[in-house]
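Coordinate analysis (summary)
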Amino acid sequence: MKPPAGPEEAQLPASDIRAFASSCTMHGLGHVFGPGAPPARRGLWAAAVLLALATFLYQVVGRVRYYGEFHHETALEERESRRLTFPAVTLCNVNPLRRSRLTPNDLHWAGPALLGLEPAEHAAYLRALGRPPAPPGFMPSPTFDVARLYARAGHALEDMLLDCRYRGWPCGPENFTTIFTRMGQCYTFNSGADGAELLSTPRGGMGNGLEVMLDVQQEEYLPVWRDMEETPFEVGVRVQIHTQEEPPLIDQLGFGVAPGYQTFVSCQKQQLSFLPPPWGDCSSVSLDPDFEPEAPGPLGTPSPGLSPPYSLMGCRLACESRYVARKCGCRMMHMPGSAAVCSPQQYKDCAHPALDALLRKDACRCPNPCASTRYAKELSMVRMPSRAAARYLARKHNRSEAYIECSGTESWAVASGTESTPRGPLAPI
């Protein structure tokens with residue numbers, strides 16, 4: 001309790017700040033503005049109060065900023081699954097066109113753009129293919145369709161597929177769906193196209209997945225005439241394992257399978273869940289691949305509409321299709337959309353340079369999908385066939401023993417039967 005004021009102090013009315021400080025419960029404020037205290041003591045109390053107030057405000061601002069950053073945790077859950085949906089398996093022969101199916105008309109239209117041939121070299125190239133020269137008075141067709149060329153001259157699965165089994169049951173070309181990629185005509189097993197029921201497997205290991213034996217048809221490979229960007233020097237098959245909702249990007253994400261080996265692929269299904277804003281940056285709206293001149297908007301901005309489920313590869317492919325359509329007025333045959341397929345000359349002069357420029361600039365802004373599935377793979381291989389089996393396989397498939405020793409066999413199986421489910425904002429796939 002403060003002592004009563006003297007006669008002289010009672011005559012001086014207290015200021016508002018002194019009256020507030022004397023009655024305030026905030027520690028130290030009364031010592032700063034209270035009467036009778038030496039100036040040095042009041043200065044020390046003022047410095048202490050200001051330092052405490054600054055520390056308090058600093059902590060408040062830090063906590064507000066921390067809250068605004070929407071921090072999160074990544075949770076990983078791994079569990080056994082009694083039945084897993086079997087993934088889609090896409091395979092492509094690394095050789096895009098068969099030499100026995102090329103014609104003088106194909107060389108006239110596609111030779112300069114796709115094969116790097118000059119018109120004066122067509123006759124020599126036909127001789128290298130073992131094909132007859134163009135007849136006298138040859139007249140090329142008025143139009144040419146690149147997609148039809150690859151559909152007609154690409155490797156047919158009916159000729160490549162020597163044996164196919166899924167979980168021990170026979171399968172055939174009718175269980176594959178034809179799809180065009182940047183590598184040409186490819187084939188997808190268990191694509192779910194046209195509402196087909198997706199296959200599933202109850203457990204992993206050999207005998208519970210897809211097993212195929214392929215003839216790579218090396219005698220049909222095109223001769224290397226000139227070193228171009230997409231000239232294949234290797235022999236074999238490219239394979240990609242992916243979900244049914246995700247389009248294959250096999251030229252970038254596929255793995256190679258060599259002839260003369262049996263390749264075992266063990267898969268683990270991983271389901272990723274990304275948080276939406278403000279905690280993360282994900283999207284579930286697909287990008288329309290069709291270019292709309294009246295609404296040119298950013299290339300990577302998703303637009304709502306009737307479209308397949310959003311995926312990172314689907315967004316990039318749609319973005320590339322819109323960019324090529326905007327620059328060239330057409331699309332490449334593996335791209336989605338309703339634009340016309342580019343002609344061979346448009347491929348050479350515009351589509352390929354435009355796509356390469358887009359990839360260099362990395363202009364497609366595609367966020368992570370809010371939910372996605374990917375497959376972790378482990379590969380192993382053994383030589384095939386053995387000397388003891390070469391004669392039997394030669395008789396079975398009507399081939400020579402030397403030819404059978406260069407054949408390729410690929411096996412796929414979901415080996416672990418487990419699925420990992422990370423939840424939270426993760427790094428881009």
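Up top you'll find the structure we're talking about.
Bear in mind the structure is a predicted one, so any value in this text is a computation, not a measurement. (Residues numbered from 1 in each chain as written. Predicted model: local features only at pLDDT ≥ 70, side-chain atom pairs only at ≥ 80, totals over all residues. Heavy atoms only, no water.)

Remarks on the overall build of the protein
Selection criterion: Helical segments are the DSSP runs of H or I of at least four residues, strand segments are the runs of E of at least two, and each set is numbered from the N terminus. Residue exposure (1.4 Å probe, protein chains only): buried if accessible area is under 20% of the type maximum, exposed if over 50%, otherwise partly exposed. In this description, contact between two residues means that some pair of their heavy atoms is separated by no more than 4.5 Å.
Per the secondary structure count, the protein includes 13 helices and 17 strands. Counting over 429 residues, the protein shows a buried share of 40%. Put simply, 74% of the contacts in the protein that link residues at least 6 apart link residues at least 24 apart.

Concerning the sheet that holds strand β6 (residues 176-181)
Threshold: In this analysis, strands are considered paired if DSSP registers two or more bridges between them. Orientation is described by axes fitted as lines to C-alpha atoms, over the contacting stretch for helices, and by angles from 0 to 180 degrees between their N-to-C directions.
If you walk across this open sheet you meet the five strands as β6-β7-β3-β10-β11, and the pairing is antiparallel. At either end of the open sheet lies a strand with only one pairing partner, and these are β6 and β11 (255-257). Taken over all neighbouring pairs, the strand axes of this sheet differ in orientation by 30° on average, direction set aside. Sheet topology places strand β3 (residues 88-93) next to strand β10 (residues 237-242); six bridges connect them, and they run antiparallel. Bridge assignment links Val 89 to a residue of β10, and that residue is Ile 241.

Let's talk about the packing of helix α5 (residues 104-115) against helix α11 (residues 344-361)
Defined as follows: Convention used here: angles under 35 degrees read as roughly parallel, angles over 145 as roughly antiparallel, angles from 65 to 115 as roughly perpendicular, and any remaining angle as oblique. In this scheme the crossing of two helices becomes right-handed for a clockwise turn of the near helix relative to the far one and left-handed for an anticlockwise turn of less than a right angle. By the convention adopted, Pro, Cys, Tyr, Trp, Phe, Met, Ile, Leu, Val and Ala count as nonpolar, Lys, Arg, Asp and Glu as charged, and the other residues, Gly among them, as polar.
Contact pair α5 / α11: the axes reach a minimum separation of 7 Å and the direction vectors enclose 25°. Judged by the angle between their axes, α5 and α11 are roughly parallel. The interaxial crossing formed by α5 with α11 has left-handed handedness. Facing α5, whose interface residues are Trp 109, Ala 110, Pro 112 and Ala 113, α11 presents Pro 344, Gln 345 and Lys 348. In terms of residue class, the contact of α5 with α11 is built from five nonpolar, one polar and one charged.

Looking at a nonpolar patch on the surface
Defined as follows: In this scheme, patches are assembled from residues that exceed 30% relative accessible area and form no salt bridge. Like charges are connected within 9 Å, while nonpolar side chains (Val, Leu, Ile, Met, Phe, Trp, Tyr) are connected within 5 Å. Methods summary: accessible areas were calculated by the Shrake-Rupley approach with a probe of 1.4 Å, and residue burial reflects only the protein chains presented. For this analysis, a salt bridge means a side-chain nitrogen from Lys or Arg found within 4 Å of a carboxyl oxygen belonging to Asp or Glu.
A surface patch of nonpolar side chains, about 560 Å² in accessible area, is lined by Leu 50, Leu 53, Phe 56, Leu 57, Val 60 and Val 64. Relative to the helices and strands, Leu 50 resides in helix α4 (residues 39-68). Overall, the relative accessible area of 57% leaves Leu 50 in the exposed class.

Re the state of the cysteines
Definition in use: When the sulfur atoms of two cysteines come within 2.5 Å, that pair is taken as a disulfide.
Summed over the entire model, instances satisfying the criterion amount to seven disulfides. Here Cys 164 pairs with Cys 171 through a disulfide, and the sulfurs are 1.8 Å apart. Disulfide Cys 164 to Cys 171: torsion about the S-S bond roughly -90°, handedness left-handed.

Notes on α5
Count 3.6 residues to each turn of an α-helix, and residues three or four apart come out pointing the same way. The following threshold applies: Expected span of a helix, by definition, is 1.5 Å for each gap between consecutive residues, and there is one gap fewer than residues.
Taking 1.5 Å as the rise per residue, α5 with 12 residues should run 16 Å; its terminal C-alpha atoms sit only 13 Å apart, a clear shortfall. Among the structural elements, α6 (122-129), α7 (146-153) and α11 are those in contact with the buried residues of α5. Two residues or fewer past α5, Gly 116 is found with a positive phi of approximately 70°.

Quick word on the side chain of Asn 93
This is how the line gets drawn: N or O atoms closer than or at 3.5 Å make up a polar contact, with two conditions inside protein: a donor-capable atom paired with an acceptor-capable one, and, for residues adjacent in sequence, both atoms drawn from side chains.
Mapped onto the elements of the fold, Asn 93 is located in strand β3. Classification of Asn 93 as buried rests on a relative accessible area of 4%. A polar contact is formed between the side chain of Asn 93 and the backbone oxygen of Val 216, at a distance of 3.0 Å. Here Asn 93 is in contact with His 155, Met 160, Met 183, Val 216, Tyr 221 and Gly 236, once residues within four sequence places are set aside.

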